[in-house]
Amino acid sequence: MSDDRPTVAPEPRRNADGTTTVTTLDAGDIRLVCPPWCVVQHGYRHAPAKSEITHRGDSEWALADTPEHGPTSLVEVSLVQWPFSDRTQVFLEVETDDGHQEFGPTGSRRIAAALRTHANQIDAMADRLINIRAGDDQ
């Protein structure tokens with residue numbers, strides 16, 4: 001981040017027509033029309049570059065309510081878009097071991113298929129736990 005950025009960005013302005021005006025570092029005031037799924041208020045700590053403006057949807061977590069730990073979050077997904085960048089398409093953002101990564105429709109479906117496969121593997125391991133605890137699988 002550049003040292004010449006203001007320490008606090010101006011608050012976004014809500015316009016009567018439902019749009020939001022954000023003051024950017026490189027393009028001045030930008031009027032945003034948010035998609036219906038965007039939950040971001042577009043307040044930024046530092047004035048963003050125009051390409052850094054981000055639309056985000058609600059985070060959805062795969063949750064398991066376990067007897068050992070109660071509700072446990074497993075994976076986070078949300079919709080994300082940078083409307084003024086060179087990647088203007090909407091992506092599915094997925095929390096991974098490598099941080100958050102963005103996927104298009106094909107990659108998103110492959111993630112879902114991998115999670116279904118993994119769920120089957122976990123079910124099989126749970127069956128094995130039952131057998132081990134019963135002394136049937138030594």
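Note that the structure is a prediction, hence the values are computed from the model and not measured.

What follows is about the overall build of the protein. Looking only at helices and strands, the protein has one helix and eight strands in total. Of the regular secondary structure in the protein, the N- to C-terminal order runs β-β-β-β-β-β-β-β-α. The C-alpha atoms of the protein give a radius of gyration of 21 Å, which is well past the 14 Å a tight globule of 138 residues would have. Principal-axis analysis of the C-alpha atoms places the extent of the protein at approximately 70 × 30 × 30 Å. Buried residues in the protein amount to 25% of all 138 residues. Looking at the protein alone, contacts between residues at least 24 apart form 30% of all its contacts between residues at least 6 apart. Only carbon and sulfur atoms are counted for the fraction: they give 52% of the accessible area of the protein, which is about 9800 Å².

Here the focus is the side chain of His-42. Within the fold, His-42 resides in the loop between strand 3 (28–32) and strand 4 (55–56). For His-42, a relative accessible area of 1% puts it in the buried group. Of note is the side chain of His-42, whose polar atom sits 3.1 Å from the side chain of Tyr-44. Of the polar contacts made by the side chain of His-42, one reaches the side chain of His-55; its length is 3.4 Å.

Taking 1.5 Å per residue, 29 residues should reach 42 Å; helix 1 (residues 105–133) reaches 42 Å between its end C-alpha atoms and fits that length. Taken from the residues just after helix 1, Gly-135 is the one with a positive phi, measuring 80°.

Our next topic: the packing of aromatic side chains. The tally for this structure, following the rule as stated, stands at zero aromatic pairs. If you follow Arg-87 out to its NZ or CZ, it ends over the ring of Phe-91, 4.6 Å from the centre.

Time to look at the environment of Pro-35. Looking at the element boundaries, Pro-35 is found in the loop between strand 3 and strand 4. Along the backbone, Pro-35 and Gln-81 are 46 residues apart, and their C-alpha atoms lie at a distance of 9.7 Å. With residues up to four places along the chain from it excluded, the contact list for Pro-35 reads His-55 and Gln-81.

This part is about the state of the cysteines. According to the stated counting rule, one finds zero disulfides in the structure shown. Among the cysteines around Cys-34, which has no disulfide bond, Cys-38 carries the closest sulfur, lying 3.9 Å off. Its relative accessible area of 14% is what places Cys-38 among the buried residues.

The pLDDT averaged across the protein works out to 92; a share of 93% of its residues lies at or above 70. The least confident element of the protein, judged by mean pLDDT, is strand 5 (residues 60–66) at 93; the most confident is strand 4 at 97.

Attention now moves to the sheet that holds strand 1 (residues 13–14). The sheet built from three strands is open, its strands ordered 1-2-3 with antiparallel pairing. Among the strands making up the open sheet, the edge pair consists of strand 1 and strand 3. Where strand 1 and strand 2 (residues 20–24) come together, two bridges link them in antiparallel fashion. When the bridges of strand 2 are listed, Arg-13 appears paired with Thr-21.

What counts and how
- Here the residue numbering is sequential within each chain, running from 1 through the sequence in written order.
- In view of the model being predicted, local features appear only for residues whose pLDDT reaches at least 70, and side-chain atom pairs are presented and counted only at 80 or more, with totals across whole chains, interfaces and linings using the full set of residues.
- As a rule here, side-chain values come from all non-hydrogen atoms in the structure, and water together with hydrogens is ignored.
- Strands here mean DSSP runs of E at least two residues long; helices mean DSSP runs of H or I at least four residues long; both are numbered from the N terminus.
- In this treatment the radius of gyration is a C-alpha quantity, and the globule benchmark scales as 2.2 Å times the residue count to the 0.38 power.
- Accessibility here uses a 1.4 Å probe with only protein chains present; expressed as a share of the type maximum, an area under 20% marks a residue as buried, one over 50% as exposed, and anything in between as partly exposed.
- Whether two residues are in contact is decided by their heavy atoms, any of which lying within 4.5 Å being enough.
- Here the accessible surface of atoms and residues is derived via Shrake-Rupley with a 1.4 Å probe, and residues count as covered only by protein chains that are part of the display.
- Polar contact criterion, stated in full: a pair of N or O atoms within 3.5 Å, where within protein one must be able to donate a hydrogen and the other to accept it, and residues adjacent in sequence count only if both atoms are side-chain atoms.
- One less than the residue count of a helix, multiplied by 1.5 Å, gives the span that helix is expected to have.
- Each Phe, Tyr or Trp ring, with Trp reduced to its six-membered ring, pairs with another whose centre is within 6.5 Å; inter-plane angles below 30 degrees give stacked pairs, above 60 give edge-to-face pairs, and intermediate values give tilted ones.
- Counted as over-ring charges are cases with an Arg CZ or a Lys NZ within 6 Å of the ring centre that also lie within 35 degrees of the ring normal.
- By disulfide we mean two sulfur atoms from cysteines, separated by a distance within 2.5 Å.
- For every residue, the predictor states its confidence as a pLDDT score lying anywhere from 0 to 100.
- Paired strands are those between which DSSP finds at least two bridges.

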